[in-house]
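# Chains, contacts and geometry: an overview
Spelled out from the first residue to the last, the chains are:
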Amino acid sequence: MEAEGQKTGKPYLKSEQYAMPVFYHDVMYRENTEEKDAAFLKLYDGHDWKWFAVRLKHTDMEYLRKHWSGKKASAPTLEKKHDKYFLRFTYAEEVSLSRTPVKEQTICSVDLGINTDAVCTIMRPDGTILGRKFINFPSDKDRMYRVLGRIRRFQREHGSRQAQGRWAYAKRLNTELGRKIAREIVLYASEKKADVIVFEYLEMKGKLSGKKKQKLQMWRKRDIQKRCGQQAHRKEIRISRICAWNTSRLAFDGSGEIARDIRDHRLCTFQTGKRYNCDLSASYNIGARYFIREILKPLPETERSLLEAKVPAVKRRTSCVYADLRELISEMELRKAA
């Protein structure tokens, strides 16, 4: 409130934000030296500020001791969710990301999809393919789609306002699916000793209707990329993004546009008649675009122009495919030999 230019009224804490003040170490929070799964919080009991002992979940504390022991811990924050209070601990650590030169890098190019959750390809700068992996959780998606079907039927009978709890359950299933996908991507990249994980920069524009719209709305592509970035950085792996235009539309062998299979959208037919997995072809193109960009970017203007004259396809990044990378590398090797 304001009266004659002066603020009046008693300030109050907005509890609907579900975030409480920070419990600073030694002032508002301290560890319990006698019990491992307990702590002390300084709270106001209506008359005075006193130390109260609180019990912490054993499994949560075991997780913190196993994965974050020795890391720098910040002051915990009290949160309120579903009429329960939780302490959120935050830890900070310093990690040096990979500085491997482009010519020596190994990347993991990832194509995120709806039919197949993710397709990963391990690639070298010369286009050598070291590994491929299809990541898919059909049972999790089937469970979520069955829940979405029940929600549609329920909303037709009772309206959308009565289905809030059902939507919350569907979103939790979708969030857990995103976590599993991100974990598998980073685990595979780490096993293959990849220096960079390459994604598409995905933007969803335009209007869609029907079941396809619902599937796209539940597609957690940004959340998966964000989680992958957080987990990959802890393993010293970098994250990079490339333009997503035509990565799935163009065949990796340079034969032109593909024709999707009407019955099975995972498969496609090249103009040469070759049958191939569409998402795998897209992952090849994603990795190729990353290397084309990183190879040409540091070159002097004259040298870059000469290479672009020999390989015109690399001028336009939105139409580059895997075959263009192979041709570019061959041309660079010929110039070196000469």
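## Considering the packing of helix 6 (residues 278-296) against helix 8 (residues 322-337)
In contact at an axis separation of 8 Å, helix 6 and helix 8 are set at 35° when each is read in the N-to-C sense. Taken as a pair, helix 6 and helix 8 cross one another with a handedness that is left-handed. Two secondary-structure elements touch here, helix 6 through Tyr284, Asn285, Ala288, Phe291, Ile292, Ile295 and Leu296 and helix 8 through Tyr322, Asp324, Leu325, Leu328, Ile329 and Met332. Taken together, the residues of the contact of helix 6 with helix 8 break down into eleven nonpolar, one polar and one charged.

## Examining the state of the cysteines
Throughout the structure, instances matching the rule amount to zero disulfides. Considering cysteine sulfurs only, Cys320 is the nearest to Cys243, which forms no disulfide, with 9.9 Å between them. Unpaired in terms of disulfides, Cys268 finds its nearest cysteine sulfur in Cys278, a separation of 4.6 Å.

## Focus on the sheet that holds strand 17 (residues 267-269)
In spatial order, the strands read 16-17-18; together these three strands make up an open sheet with antiparallel pairing. Edge positions in the open sheet fall to strand 16 (259-260) and strand 18 (275-277), since each of these has one partner strand only. In terms of strand pairing, strand 16 meets strand 17 through two bridges, oriented antiparallel. Following the sheet pairing, Arg260 is matched in strand 17 by Cys268.

## Thoughts on unusual backbone geometry
Phi at Lys193 is positive, roughly 60°, even though this residue is not glycine. Among the structural elements, Lys193 can be located in the loop between helix 3 (164-191) and strand 14 (196-201). Notably, Asn246 is not glycine yet its phi reads approximately 65°, a positive angle. Position of Asn246 among the secondary structure elements: in the loop between strand 15 (238-243) and strand 16.

## Quick word on the pattern of salt bridges
Under the defined criterion, the tally for this structure stands at 18 salt bridges. Close ionic contact of Asp140 with Lys180 constitutes a salt bridge, the shortest N to O distance being 2.9 Å. Note that Asp140 is positioned in helix 2 (residues 138-158) and Lys180 in helix 3, a separation of 40 residues in sequence. One salt-bridge network, in which partners are shared between bridges, spans Asp37, Glu62 and Arg65.

## Side note on the pairing of strand 13 (residues 129-135)
As judged from the six bridges shared by strand 12 (residues 118-123) and strand 13, these two strands associate in the antiparallel manner. Bridging from a neighbouring strand, Thr121 pairs with Arg132 of strand 13. Here strand 12 hands over to strand 13 after five residues, with Gly127 in that stretch at a positive phi of 95°.

## Some thoughts on a positive patch on the surface
Where like charges cluster on the molecular surface, the positive patch consists of Arg150, Arg153, Arg156 and Arg166. When residues of the positive patch are assigned to their parent elements, the largest contribution, three residues, is made by helix 2. Turning to its location among the elements, Arg153 is positioned in helix 2. Here Arg153 falls in the partly exposed class, since its relative accessible area comes to 46%.

Procedures and definitions
Residues numbered from 1 in each chain as written. Predicted model: local features only at pLDDT ≥ 70, side-chain atom pairs only at ≥ 80, totals over all residues. Heavy atoms only, no water. Axes fitted to C-alpha atoms, helices over the stretch in contact; angles between N-to-C directions. Helix = DSSP H or I, 4+ residues; strand = E, 2+ residues; numbered from the N terminus. Left-handed = near helix turned anticlockwise from the far one by under 90°. Contact = heavy atoms within 4.5 Å. Nonpolar A, V, L, I, M, F, W, Y, C, P; charged D, E, K, R; others polar. Disulfide = S-S within 2.5 Å. Pairing = 2+ DSSP bridges. Salt bridge = Lys/Arg side-chain N within 4 Å of Asp/Glu carboxyl O. Patch = residues over 30% accessible without salt bridge, like charges linked within 9 Å, V, L, I, M, F, W, Y side chains within 5 Å. Areas by Shrake-Rupley, 256 points an atom, 1.4 Å probe, with all protein chains shown as cover. Lys, Arg positive; Asp, Glu negative; His and termini not counted. Charge placed at Lys NZ, Arg CZ, Asp CG, Glu CD. Buried < 20%, exposed > 50% of the residue type's maximum accessible area, 1.4 Å probe, protein only.

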